[in-house]
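Residue-level structural notes
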Amino acid sequence: MQRALDKGQSGVGRLTLWKSPLAKTYPVAEYNGDLEAEIAADGWANERLSRSDKLAVLATLDAIADSGLDPNALRSAGCYFGQSVCGTFGSETYYVASRAGKPLNDHSALSTHQSASSLDALGRRFGLSGPISSFMTACSSSANAIGLAALEIETGHQSIMLAGGTDSLSQIAYNGFCSLQVVSPDGPRPFDENRSGMCVGEGAAVLILESESHARQRGATIYAFVSGYGHSCDAHHLTAPHPEGHGAIRAMQEALTHAGLTGGDIDYVNAHGTATRDNDATESIALSKLFGDHRPSISSTKRYFGHTLGAAGAIEAVICIDAMMRGVLPANLGLETPIAGSDLDILRESQTREVRHALSNSFGFGGNNAALVFSREMSV
Amino acid sequence: MSVAITGIGCVSALGDGVAATLDALRNARHGCAIHEFERLDGTTVSAPAYLAVKPDATKYLDKRKLRRMDRLVKMAAVSARQALDHAGIETDSISPERLGVVTGTALGALNITQQFIDSWLTNGEEHASPLKFMNSVHGIMASQVALDLGATGVNLTTSHREISFEAALASAVSLLESGRADIILVGAADELTSLAHEFVSRLGVLSHSEDDAGGCQPWEARATIVPGDASAFFVLEPTSTQRKPLAILDWAQTGRGEPTHVSADYDLVTTIREGWVRSHDFRNNHEAVLQSQYNAPVVSHNGSFGVGFTTSAMQFAVNVLMLAGREAFPCLSAGEMVRTFDAPARILHENASPSCAWGACALRQA
C-alpha cells in the first residue's frame, strides 16, 4: 500500500473475475495478489470461505502480526467488521445456476453469503470470544465498525477489538453501480470538475484497537489514537446525498467534538471522494462549511484502490494513520481541474507534512455518514 | 447501562400490532398455516410456515411512500411506527437529530436483490434496474424507516445470522450509553421469500409436511423446522425518560463460544428452540449450559411465531409484554400448550447461532 501511495500507482484495470459485456467500458480495481495461494498458505485451502472472507482473513493476519500481540491475548477480543457485498460473489453465481436449472451439489455459497461468514472465520481462526457484529451501512460500514469498536473500548467494556472491513467485487455491485450510471470509463478523478464517476474495487483492512493502558502495558507501538467518531443520517434520499451536505457536516462536527478538537486542528482529510458528480459536489460544500478559513490538506484515495464499498472506511483509516506516521500525504490521483468555485486544498501531488490529527469521511447509501478522527496523541 | 423500553411494534404471523399479538399469546393461538411457495422452475410447493400477516400500512404511511416499499420494508416501517405510537411519541415532538434507528437483519432485502439479478439476466447487464439495485442494500430498512420518520440521528444495520437482532440491541444500548441519541428505534426483520424457502429446503432443514400445520415442536427431536418471518421494533430510551417504561433492559451483548454473562438472578430464560435435532452441537450445548447455570425455566415461544433468522425479536417482544403485564404466556408445541410458568420479574433473553455466536440481554420489570 505504501509503495502504491508513494508512487501514485492506480490499481484500476480491466475486470477479469467474470465475463461481462460492461467490462470493455468500465474498469474495476481487483485485488492483484494470489488470493488462493495466500489463503492456502495459512492452512485454509479446504475451508468454505467466500472471496470476501479470504480478504478479511489475510488482512487480519497482517494486522495481528504487525501488532505483536500474543495470540492468547486475542481470546477475549471482540470483532466489528463493516461490509456491503459480503459473499455475494459466490451466492449470485449459485442463484444464476439455480435459475438456469443446473444441478448443484455444493451449497456452501448459501452459508458464506452472509456477512457473518467473515466474522465466523475470524472467530474460528483466532479464537475470539468478545462482542461480535457486522455493520451493513453500505459505503460507511467499516468506518462505523471502527467507531463503534472504539466506543466499546472507551466505555471500558473491552480492552481489545479487531475492527475493519472487507468486500470483494461482485456482479451485483458492479452491475448495480453501472446501472446507476455512476461508474467512469476512465477511472475515478475525485474532486475534478470533469469527473465522470467511480470505480468499484475490493479489499480489506483491519485495525487492532486497544485501550491505551493495555497497549502501554504490553509495550506496543501505538501508531495512532481513534480520537473521534461521528455519525448521522441525511434522511433525504436513498442514494443521493443531501445537496448542502447537512448530514456530512454533522457527522464531521460530532467526530471533532468527540475528539475535543475544532476544524482548525485537522491537518489532513481523507475524503470520501468517490468521483461521482453528487458526492464530490456535496462533500466539497460540507468540507468548506466545516473548515471555513482553515485549509487542511485533502485527498481522496479512490483512484488507487477503487471504491471498496464496505471496506473503504477501514482502508482509508489505514491511509490516514500511515500519513500520520510517515508525514507523507497521498496525492489525489486523477485531479486536473478542481471543481469550479471550490477553494479546498486538494493535493495534486503527495505532500510531506506533519499530521497531528487526520479526519476520514465515509458516506453510504441512505445518506449514512460516518467520520473518524485519528490523532497522533490524545488531546483530551 | 440500563435503558427503558417504552414502546413495541410487531408484525408477525400472530397479527398486526401489539394488541393482536397479546390476544394470540394469551389465548395460546399460533400463526402457522400451509402456504404456497414458488420455485425457480415455475412450480409451487405447499409447506407449513408462519408468514407475517399483511400489516395495515395505510394507517401509518401514505400511498406515495408505500409505492417505494416492498413487503419487508413495509413490515419494518409499520412496526417502527407502531412502536412510536405504543410509546406515545409524536415524531414532531422530538429532535430528529437525536432519534436513531438500529436494525438487525440477516438476509436483508433478499426479494429485491433477486429481482435485481433477474433484471440483468432478462434484459442484459447493460439494462439492469437501478431502482432495484438501490433498494437491494442491507441497510434499506433502516434507511426507509429514517426517511419515513425524518430521523437524522444514528442509523445502523447489523447482520450476524441468528443474532442479528441481539447485535442491533447491543449497539443501540452502547449508543444510548455514550449519549449519541435520546431515543433509538431498535428492531429486526427478515422475510421468508420463496427463494429463501427453496434454498434452505435444499439443506434438508425445512418441513414440507402438512402434518406440521400446527407449527413448531420446540421440545421434540425433529428432522426439520417450521420457518417464519416477522418484524419487531422497540423504543429504547434512557431510564430518566418521563414515559412509563414497559420493562428495563439492564444490558445487551454478543459474543462467541461459552456465554460470559452467567448469573443466577433470573426467573425465566428464553431462548430460540426449534426442535430441530440437527440444530448443531453448539446450539444444543448452549441450551444445556443455560439449563445447568440457571435455576429457572428455559423456554421458547417459537411454537407461536416460528423460526427465522430474526424471529428472536418476536421473543424479545413476548418477554417485554410478559414483564409489562406481569403475566406469563404459555409455550406451544404443534399448536398445543406444553409449558406454563409463573409471571417472571427478571428474564434472561438468550439466542445463539449455530456458528458459535451468541447474543443475550437481561430484562426486568420496570
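Think of each chain on its own: its residues are numbered from 1, step by step along the sequence as written. Written order determines the labels here, with chains lettered from A and ligands numbered from 1. Only residues with pLDDT of 70 or above have their local features reported here, since the model is predicted, and side-chain atom pairs are shown and tallied only from 80 upward, although totals for entire chains, interfaces and linings are computed over all residues. Heavy atoms throughout the structure, all of them, feed into the side-chain values; hydrogens and water do not.

Here we look at the interface of chain B and chain A
In plain terms, the rule: What makes two residues a contact is simply this: any of their non-hydrogen atoms within 4.5 Å. Here the quantity called buried area is the accessible surface, traced with a 1.4 Å probe, that two parts lose on coming together, added over both. A pair is scored as a salt bridge if a Lys or Arg side-chain nitrogen falls within 4 Å of a carboxyl oxygen belonging to Asp or Glu. Pairing of N or O atoms within 3.5 Å defines a polar contact, subject to two protein rules: one partner must be a possible hydrogen donor and the other a possible acceptor, and residues neighboring in sequence count only if both atoms are side-chain atoms. Numbered from the N terminus, helices here are DSSP runs of H or I no shorter than four residues, and strands are runs of E no shorter than two.
Taken residue by residue, the interface counts 58 residues in chain B and 64 residues in chain A. Note on chain B versus chain A: buried area summed over both sides is about 5,100 Å², and carbon and sulfur give 62% of it. Along the contact surface separating chain B from chain A lie four salt bridges. A salt bridge links A:Glu254 to B:Arg180, with the nearest nitrogen and oxygen atoms 3.3 Å apart. The interface formed by chain B and chain A holds 27 residue pairs in polar contact (both at pLDDT 80 or more) in total. Mapped onto the side of chain B that touches chain A, the elements with two or more residues apiece are α4 (110-123), α5 (130-134), α6 (140-149), β6 (155-158), α7 (164-177), α8 (194-202) and β9 (247-256) of chain B.

Structural notes on the environment of A:Leu5
All names here are of chain A. The following threshold applies: We call a residue buried when its accessible area falls under 20% of the maximum for its residue type, exposed when it is over 50%, and partly exposed in between, using a 1.4 Å probe and counting protein chains only.
Tracing the backbone through its elements, the reader meets Leu5 in helix α1 (residues 2-7). A relative accessible area of 4% places Leu5 in the buried class. Once the C-alpha coordinates of Leu5 and Ala215 are considered, the two residues, 210 residues apart in sequence, prove to be 28 Å apart.

Quick word on the packing of α7(B) against helix α11 (residues 312-325) of chain B
Residues and elements named next belong to chain B. Going by this rule: The axes used here are C-alpha line fits, helices contributing only the stretch in contact, and every angle between their N-to-C directions lies in the interval 0 to 180 degrees. An angle below 35 degrees is read as roughly parallel, one above 145 as roughly antiparallel, one from 65 to 115 as roughly perpendicular, and any other as oblique. When residues are grouped by polarity, Ala, Val, Leu, Ile, Met, Phe, Trp, Tyr, Cys and Pro land in nonpolar, Asp, Glu, Lys and Arg in charged, and all others, Gly among them, in polar.
α11 packs onto α7 with a crossing angle of 60° between their chain directions and a minimal axis gap of 8 Å. By the criterion of interaxial angle, the relationship of α7 to α11 is oblique. Between α7 and α11, the contacting residues are Phe165, Glu166 and Leu169 on the first element and Ser312, Ala313 and Phe316 on the second. Residues belonging to the contact of α7 with α11 are distributed by class as follows: four nonpolar, one polar and one charged.

Overview of the pairing of strand β5 (residues 99-104) of chain B
A regular strand places its side chains on the two faces of the sheet in alternate fashion. Residue and element names in this part refer to chain B. We apply this condition: Between any two strands, pairing holds if DSSP finds at least two bridges.
Counting buried residues in β5 gives six out of six residues, a clear majority hidden from the surface. A two-sided burial pattern is seen for β5, the buried positions comprising Leu99, Val101 and Thr103 on one face and Gly100, Val102 and Gly104 on the other. Two elements, β5 and strand β7 (residues 183-190), share six bridges in a ladder whose sense is parallel. In the sheet register, Gly104 faces β7, and the bridge partner there is Ala188. Of the strand pairs in this sheet, β5 and β6 are connected by four bridges, and their pairing is parallel. Counted as the bridge partner of Val102 is Leu156 from β6.

Here we look at empty space enclosed by the protein
Residues and elements named next belong to chain A. Which entries qualify depends on this criterion: Cavities and pockets were defined on a 1 Å grid built over protein atoms only: a cavity is a set of grid points that admits a 1.4 Å probe from which the probe cannot escape, a pocket is an open set flanked by protein on both sides within 12 Å along at least five of seven lines, and lining residues are those with an atom within 4 Å of any such point. Grid points are joined across faces, edges and corners, and a volume is the space filled by probe spheres set on the points.
With the rule as written, the count across this model stands at five cavities of 30 Å³ or more. Here the largest cavity is characterised by a volume of approximately 70 Å³. Surrounding the largest cavity, Leu287, Ser288, Phe291, Gly292, His294, Arg295, Pro296, Ile298, Asp343, Leu344 and Asp345 form its lining. Residue contributions to the lining of the largest cavity peak at three residues, all from helix α11 (residues 277-291). Of the residues assigned to the lining of the largest cavity, the class counts are five nonpolar, three polar and three charged. In this structure, the second largest cavity occupies an estimated 60 Å³ of space.

Focus: the nonpolar core
Convention followed: Take the buried residues of types Ala, Val, Leu, Ile, Met, Phe, Trp, Tyr and Cys, join any two whose side-chain atoms come within 4.5 Å, and each joined set is a nonpolar core.
Among the nonpolar cores identified, the biggest contains 89 residues, and B:Leu236, B:Leu249 and B:Phe316 are the most heavily contacted of them. Ranked by residue count, the leading element in this core is α11(B), at nine residues. Apart from residues no more than four positions distant in its own chain, B:Leu236 is found in contact with B:Val3, B:Ala4, B:Ile5, B:Leu169, B:Ala172, B:Val173, B:Leu176, B:Asp182, B:Ile183, B:Ile184, B:Val186 and B:Leu249. If you look at the next biggest cluster of nonpolar residues, it comprises 70 residues, including A:Cys139, B:Ala87, B:Ala142 and B:Val235.

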